[in-house]
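# Topology and contacts: notes
Residues per chain are reported as follows:
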Amino acid sequence: MAERSFPFVRNAGTTTVPGTTSDAEYSEMFRLLASTGVIYGTDGGGLKPFANSSGLNVFVPAGRAFVRGHYYKSDAVVTLPISAGESLGRIDSVILRMEYAGVNDIHLVILKGEPSANPVRKAVTQTETGVYELLLGTVTAAINAVTITSTVVADARTFSNANGS
């Protein structure tokens, strides 16, 4: 096909039917308008992970983001459990994971790090058509940790060029 335009609702006689724009086409189109990242706006950017020493939890406040041309919005604090500390420390990552392949969703998850005497953060996955992960923060899980304090959570957000006002 030499020419393609989208998204449109197509008219079939007297019935209006949806067009056939694919997820990949929407992603391609919206990536031209907004880069991947947290949308900084009147909410201060949101999605900044934090902890409050109330157990093995990290909290992510409301916020918005673009991930590979797809929109994510949370209007409430999301609680993410952190696995108990082990005999070695590790660095977990707070990420937004976008998945195609039947999932077709963006959701907050903890990417558990590998226990090590010298822990390093796992690399996030960023593929064109499968899984794309956006790093929001890191959590240094101490040896035998039983609580997560604010001092072990680091902000790692990047921001979109989208106007969030």
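Computed from a predicted model, the values in this text were never measured in an experiment. (Residues numbered from 1 in each chain as written. Predicted model: local features only at pLDDT ≥ 70, side-chain atom pairs only at ≥ 80, totals over all residues. Heavy atoms only, no water.)

### Digging into unusual backbone geometry
We note that Leu47 has phi near 55 degrees; this positive angle belongs to a residue other than glycine. Relative to the helices and strands, Leu47 is located in the loop between strand S3 (37-38) and strand S4 (57-60). Although it is not a glycine, Arg68 sits at a positive phi angle of roughly 50 degrees. Note that Arg68 resides in the loop between strand S5 (63-67) and strand S6 (70-74). (Helix = DSSP H or I, 4+ residues; strand = E, 2+ residues; numbered from the N terminus.)

### Some thoughts on the environment of Val146
For Val146, the location among the structural elements is in the loop between strand S10 (131-141) and strand S11 (153-155). When the C-alpha positions of Val146 and Gly85 are compared, they lie 6.5 Å apart, and in sequence the two are 61 residues distant. Excluding residues within four positions of it along the chain, Val146 makes contact with Gly55 and Leu56. (Contact = heavy atoms within 4.5 Å.)

### Observations concerning the pattern of salt bridges
Applying the stated criterion to the full structure yields eight salt bridges. Here Glu86 ties to Lys112 by a salt bridge, and the two come within 3.1 Å at their closest N and O atoms. Placement of the pair is Glu86 in the loop between strand S7 (78-81) and strand S8 (90-99) and Lys112 in the loop between strand S9 (105-111) and S10, with a sequence separation of 26 residues. Judged by relative accessible area, Lys112 falls into the partly exposed class, the value being 35%. (Salt bridge = Lys/Arg side-chain N within 4 Å of Asp/Glu carboxyl O. Buried < 20%, exposed > 50% of the residue type's maximum accessible area, 1.4 Å probe, protein only.)

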